[in-house]
Amino acid sequence: MNTGRFAPSPTGPLHFGSLVTAVASYVDARSKGGEWLVRMEDLDTPRNVPGADMDILHTLEHFGFEWNGPVLYQSTRINAYRRALDRLRRGGHAYPCSCTRTTTEPCTCTSGSRWRVRFPGDDFTVFRSDGIFAYQLAVVVDDAYQGITDVVRGADLLDSTPRQVHLQHLLGLPTPYYRHVPLVVNDKGEKLSKQTLAPALDLTRRNELLDQAFRFLRLPPSQRAELFP
Ligand code: GLU
């Protein structure tokens, strides 16, 4: 059986771009009779907004999404990330780095609290200097833990996918199928986000917004009717 997921960060309310991503993974999972899980990616504590998680879940419910099982909060999974980082260290795949510059060259630092993983072209961070496990590591550990077989997400994460597949190989974890959907942009061509001041989903326009999301994804209205009655 296939299992998909939606993994919002509780940094603010959902916007139309989030709705499109959620619909894409939901339709993919449900149309194959699979499960669909929600994971709260709340590790980046400085960016978390209190109450945003409940607001997101309420919005999903209002639009008619039904998820399987309890919502997984990444903040409860620190020990699992620590074990994964230890494994990368022991295998000599992660190295400590105190560079502050962004570099495309492998880093040669030997001290510091930041840990990076070697990756052809551009090494990447798995443990941040502020003591927070990086998105790339957490997402890989949790996609495996939750048995995710199909990741459907925005094209802004295309660059992350080879890094995540690399970590799966290093950690002996299975690789799900990945698909990336086109990004919704505003009239300036910017990705919808908190930074570009994307408006929160208007709960009073549920049907209209769902129709728009289905049209954007070129998904048939029959699926819209079946999955979001
Ligand atoms: N939490 C990430 C975000 O809000 C999504 C992670 C993913 O889908 O892999 O953009």
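Up top is the structure these notes are about.
Residues numbered from 1 in each chain as written. Predicted model: local features only at pLDDT ≥ 70, side-chain atom pairs only at ≥ 80, totals over all residues. Heavy atoms only, no water.

> Residue-level account of the overall build of the protein chain, with values.
Assigned secondary structure in the protein chain consists of 7 helices and 8 strands. In summary, the protein chain has a C-alpha radius of gyration of 18 Å against a globular reference of 17 Å for 229 residues, a match within 12%. Seen through its principal axes, the protein chain has C-alpha atoms that stretch 55 × 40 × 30 Å. Here the protein chain holds 229 residues, and 50% of them are scored as buried. The contacts in the protein chain between residues at least 6 apart in sequence include a share of 68% that link residues at least 24 apart. Surface summary for the protein chain: the accessible area is close to 11,400 Å², and the carbon and sulfur share equals 54%. Here the protein chain carries 27 positive and 25 negative side-chain charges, and the mean point of each set is 5 Å from the other. (Helix = DSSP H or I, 4+ residues; strand = E, 2+ residues; numbered from the N terminus. Rg over C-alpha atoms; globule rule 2.2 N^0.38 Å. Buried < 20%, exposed > 50% of the residue type's maximum accessible area, 1.4 Å probe, protein only. Contact = heavy atoms within 4.5 Å. Areas by Shrake-Rupley, 256 points an atom, 1.4 Å probe, with all protein chains shown as cover. Lys, Arg positive; Asp, Glu negative; His and termini not counted. Charge placed at Lys NZ, Arg CZ, Asp CG, Glu CD.)

> Talk me through the packing of aromatic side chains; I want residue IDs and the actual numbers.
Aromatic ring pairs are defined here through the distance separating the ring centres and the angle between the ring planes. Under the counting rule described, the total for this entry stands at 10 aromatic pairs. Geometrically, the ring pair formed by W36 and F65 is stacked, given 5.3 Å between the ring centres and 20° between the ring planes. With W36 in strand β2 (residues 35-40) and F65 in the loop between α2 (52-63) and β3 (72-73), this pair connects stretches of sequence that are 29 residues apart. Note on accessibility: W36 and F65 belong to one class, buried. The interplanar angle of 65° and the centroid separation of 4.8 Å between the aromatic rings of F127 and F133 together place this pair among those described as edge-to-face. (Phe/Tyr/Trp six-rings, centres within 6.5 Å; stacked < 30°, edge-to-face > 60°.)

> Please give an account of the sheet that holds strand β6 (residues 124-127) that cites residues and values.
If you walk across this open sheet you meet the 3 strands as β4-β5-β6, and the pairing is antiparallel. Strands at the two margins of the open sheet, each flanked by one partner only, are β4 (94-97) and β6. Put simply, the sheet's adjacent strands are angled 45° from each other on average, direction ignored. Bridge analysis of β4 against strand β5 (residues 114-117) gives 4 bridges, and the strand direction is antiparallel. Within β5, the residue paired with Y95 across the bridge is R116. Helix α5 (residues 160-171) rests against β5 and β6 of the sheet, and its axis sits at about 55° to β6. (Pairing = 2+ DSSP bridges. Axes fitted to C-alpha atoms, helices over the stretch in contact; angles between N-to-C directions.)

> A description of the environment of V117 should follow, citing residues and the corresponding values.
Its place among the elements puts V117 in strand β5. The class for V117 is buried, based on a relative accessible area of 0%. For the pair V117 and S25, spaced 92 residues apart in the sequence, the C-alpha separation amounts to 29 Å. Apart from residues no more than four positions distant in its own chain, V117 is found in contact with L88, H93, A94, Y95, D123, F124, V126, H166, L167 and L170.

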